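Residue-level structural notes
Now for the letters of each chain:
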Amino acid sequence: AGTLNLSDGSVLKHPETTTSSVYSLDINVTGNMSINGTSTIDVSSRGYLGGGSGGNGSTGRTSGNVTTNGSDGSCGGSYGGIGGQGYYGSIGATYGDLTNPTEPGAGGGTYNAVGGDGGGLIRLTVSGTLTNNGSIVANGGNGLTFYAGGGAGGGIYINCGTLAGDGTITANGGNGAGSGNTGGGGGGRIALIFTTKTFMGTITVAGGTGYNSGGNGGVGTIY
């Protein structure tokens, strides 16, 4: 696009990932881009599937849209930060490049429930000024009942001439849930490449909160 302006409560997102398809929001703007205070780019819970979600098995899906090295049992998904330990099961491996996130976040594991889906993937290339007074969000989803870990935060890559505004940029992990000890999802990955920065907002990649005595997810990466 030449210019892109989100206003009046606009929401921009990509489709939800499935067991066979992975999506991203990849936008190239040759001029300026703005997100006003009521608008958002939000791909939360649109990354790799959690256990029991969307026809997936009990192990959360991870890098490459596979279950190998994914979180199972009641553990949180990993991406930039490691997922929290649940009552049982193994935590999936972290993955990806902190300077150039190209994948969404991993799903949380589960036992007879639904683990949180990972956050999706946002990639914005803006030749001019990107003014974010709203929110750019790729948070992981919360686990849903019983033994279910939270999904990991997703990926956000921004390459722009000037980064301005006072909004939020977040790729936080989802919370564990259930009747037992479940892990929170790890934080995602955010990479910001710019020539000039006047942005005064908040940037977070926090891990999700574990349920009961489950472990909290580890913090993700900000480059």
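My aim in this report is to walk through the structure given alongside it, one point at a time.

Rules used in this analysis
- Along each chain, numbering runs from 1 in the same order as the chain's sequence is written.
- In keeping with the predicted nature of the model, local features appear solely for residues at pLDDT of at least 70, side-chain atom pairs appear and are counted solely at 80 or more, and the whole-chain, interface and lining totals rest on all residues.
- Side-chain numbers here rest on the full set of heavy atoms in the structure, without hydrogens or water.
- Grouping buried Ala, Val, Leu, Ile, Met, Phe, Trp, Tyr and Cys residues that are joined through side-chain atoms within 4.5 Å yields what is termed a nonpolar core.
- Throughout this description, buried means an accessible area under 20% of the type-specific maximum (1.4 Å probe, protein chains only), exposed means over 50%, and partly exposed covers the range between.
- Working rule for contacts: check all heavy atoms of both residues, and any pair within 4.5 Å makes them a contact.
- We call two strands paired when DSSP finds no fewer than two bridges between them.
- A run of H or I in DSSP becomes a helix once it reaches four residues, and a run of E becomes a strand once it reaches two; helices and strands are each numbered from the N terminus.
- To pair, rings of Phe, Tyr and Trp, with the six-membered ring standing in for Trp, must have centres within 6.5 Å; the planes then decide the type, stacked if under 30 degrees apart, edge-to-face if over 60, and tilted in the middle.
- A positively charged side chain is recorded as over a ring if its NZ (Lys) or CZ (Arg) lies within 6 Å of the ring centre. The angle to the ring normal must also be within 35 degrees.
- Residues forming no salt bridge and having over 30% relative accessible area are the ones grouped into patches, like charges within 9 Å of each other and nonpolar side chains (Val, Leu, Ile, Met, Phe, Trp, Tyr) within 5 Å.
- For every accessible area listed, the method is Shrake-Rupley and the probe measures 1.4 Å; residues are considered covered only by the protein chains on display.
- Salt bridge, as applied in this entry: a Lys or Arg side-chain nitrogen positioned within 4 Å of an Asp or Glu carboxyl oxygen.

Counting 24 residues, the largest nonpolar core has L124, I156 and I158 as its most contacted members. Not counting residues up to four positions away in its chain, the partners in contact with I158 are L124, L130, I136, I169, A191, L192 and I193. Among the nonpolar cores identified, the runner-up in size contains five residues, and Y48, Y79, Y95 and A106 belong to it.

Moving on, we come to the sheet that holds strand β5 (residues 40-42). Strand pairs in the sheet, formed through backbone hydrogen bonds, run parallel or antiparallel to each other. Strand order in the open sheet made by the five strands is β2-β5-β8-β11-β13, with parallel pairing throughout. The open sheet has two free edges, formed respectively by β2 (11-12) and β13 (202-204), since each of these has just one partner strand. As paired elements, β2 and β5 share two bridges and run parallel to each other. Paired with L12 across the bridge in β5 is I41.

Glancing now at the packing of aromatic side chains. Following the criterion strictly, the structure yields eight aromatic pairs and no others. Both rings, one in Y88 and one in Y111, keep their centres 5.8 Å apart while their planes meet at 80 degrees; by these two values the pair is edge-to-face. With Y88 in the loop between β5 and β6 (110-111) and Y111 in strand β6, this pair connects stretches of sequence that are 23 residues apart. Take Y111: its relative accessible area is 41%, and that puts it in the partly exposed class. Ring geometry for Y111 against Y147: centres 6.2 Å apart, planes inclined by 70 degrees, an arrangement best described as edge-to-face. Here the residue Y111 occupies a position in strand β6, and Y147 occupies one in strand β9 (residues 147-148), the gap between them amounting to 36 residues. By the ring-pair criterion, three or more aromatic residues cluster together here, those being Y87, Y88, Y111, F146 and Y147. Stacked on the ring of Y157, the Lys or Arg R123 has its end atom at 4.2 Å from the ring centre. Against the face of Y79 rests R189, its NZ or CZ located 5.7 Å from the ring centre.

Before going further, it helps to examine a nonpolar patch on the surface. Together, Y87, Y88, Y111 and F146 line one region of the surface with nonpolar side chains, adding up to about 430 Å² of accessible area. The topology assignment puts F146 in the loop between β8 (135-137) and β9.

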